[in-house]
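If you want the building blocks of each chain, they are given just below.
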Amino acid sequence: MREWFSYFKTCGAFAALLLLASGAHGAVLQWNYSVSSTFTAATLTAGSISVPSTTLSWGTPTGPGGQSSLSIGNNPAAGTLSTYLGGGVPPQSPPYLATDISLTHKNEPIQGESLKTAVLTSTITLDPLVPNLPALPNQLASFNILFSETPNETPCVAASPPGNPCNDIFVLQSGLLNQTFQFNAGDADGLLTYYVNIFPIAGGALNILSNAVCAAAGAANGCLGFTTIEGQTNTLQFGFTISTQPLTVTRVPEPAMAALLAAALLAFAMARRRHSVRK
């Protein structure tokens, strides 16, 4: 996850520079937001589980820690967020990134039933602050989760710390990035497309998992997810952004960054030249 962010200040700044140099305008620059989340569906390998709920618990404990569980923290979350005028690598800090959403996995040794799938649904309320306009209808973002409670014995499908039983596996199948909505800020630009993105920023790196780890969770090759450490409480902090272009979780290669720099500088120079000619 930190690997993405090491590129943000360079790549994100260049993307914003390209937008400004090409005369991008008309976007809502700042929003008041609230995000209220709950689990709306869940399945176990055996037995039943009640929804809607902000906490899912499962299994028969084999140690003093009790059941394993998955719970939503700081809910609902609310604040003010600036629109990220660009795309690519997710922004790493406020005002373009809100960091007050969390998901905690209490990973305990258990036997019997375990979590298999879950759907976390977030209701997002957006109220344009700059310019000050009426609030939008609620936006719904649903995150489909596949989960694998791995056997606590070697060999481990998912890597784990030395001397620790095998990590459990989360796969985020859908709903993570680039859910879109359109909004008219009331100027000549008309309807503009915005991208809503919620993604882990701390506590677990979102990566393309190995084929074996994906298969263990019942997912296809190339799945996106992360693993959590057995016997620990793993809190995953999530970021929330609104951008004017799609975001991606892939690392930007050095040659692509250099090309982006060259394009940004060229666009900026041409914009300055056009401005001088008009004078």
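Here's what I pulled together on the structure shown here. Keep in mind that what you see is a predicted model, and the values were worked out from it rather than measured.

**Some remarks on the sheet that holds strand E4 (residues 68-73)**
Then, number 1: If you trace the six strands from one edge of the open sheet to the other, you get E2-E4-E6-E15-E12-E11, paired in antiparallel fashion. A strand with exactly one partner marks an edge of an open sheet, and here the two such strands are strand E2 (55-58) and strand E11 (179-184). Averaged over all pairs of adjacent strands, the angle between strand axes in this sheet comes to 20°, irrespective of strand direction.
Then, number 2: Note that E4 and strand E6 (residues 98-107) share five bridges and pair antiparallel. Bridge pairing in E6 links Ser71 to Thr104.

**Section: the state of the cysteines**
Then, number 1: A full pass over the atoms with the stated rule returns two disulfides.
Then, number 2: Linked covalently through their sulfurs, Cys156 and Cys166 form a disulfide whose S-S length is 2.0 Å. Note on the Cys156 and Cys166 pair: the S-S dihedral is about -80°, so by sign convention the disulfide is left-handed. Note that Cys156 is positioned in the loop between strand E9 (139-148) and strand E10 (168-174) and Cys166 in the loop between E9 and E10, a separation of ten residues in sequence.

**Some points on the pairing of strand E15 (residues 232-243)**
Then, number 1: The pairing of E6 with E15 spans eight bridges and is classified as antiparallel. Bridge pairing in E15 places Lys106 opposite Thr233.
Then, number 2: Where strand E12 (residues 191-202) lies against E15, seven bridges are found, and the strand directions are antiparallel. Each bridged residue has a counterpart across the sheet, and for Ala202 the counterpart in E15 is Gln237.

**What about the nonpolar core?**
Then, number 1: By size, the foremost hydrophobic cluster in this structure holds 43 residues, and its most contacted members are Trp31 and Phe240.
Then, number 2: When residues in this core are grouped by element, the largest group, six residues, is from strand E1 (residues 30-44).
Then, number 3: Within the second largest apolar cluster, ten residues are counted, among which are Ile169, Val171, Ala217 and Cys223.

**Considerations on the sheet that holds strand E5 (residues 77-82)**
Then, number 1: Ordered by their spatial adjacency, seven strands build an open sheet running E5-E1-E8-E9-E10-E14-E13, and the pairing between neighbours is antiparallel. Of all the strands in the sheet, the pair left with one neighbour each is E5 and strand E13 (207-208).
Then, number 2: Pairing analysis gives 14 bridges linking E1 to strand E8 (residues 115-130), with the strands arranged antiparallel. Among the inter-strand pairings, Thr43 is bridged to a residue of E8, identified as Thr117.

Here is what the cut-offs are and how they apply
- Residues numbered from 1 in each chain as written.
- Predicted model: local features only at pLDDT ≥ 70, side-chain atom pairs only at ≥ 80, totals over all residues.
- Heavy atoms only, no water.
- Pairing = 2+ DSSP bridges.
- Helix = DSSP H or I, 4+ residues; strand = E, 2+ residues; numbered from the N terminus.
- Axes fitted to C-alpha atoms, helices over the stretch in contact; angles between N-to-C directions.
- Disulfide = S-S within 2.5 Å.
- Core = buried A, V, L, I, M, F, W, Y, C linked by side-chain atoms within 4.5 Å.
- Buried < 20%, exposed > 50% of the residue type's maximum accessible area, 1.4 Å probe, protein only.

Fair warning: the whole summary comes from geometry, so function is off the table for now.
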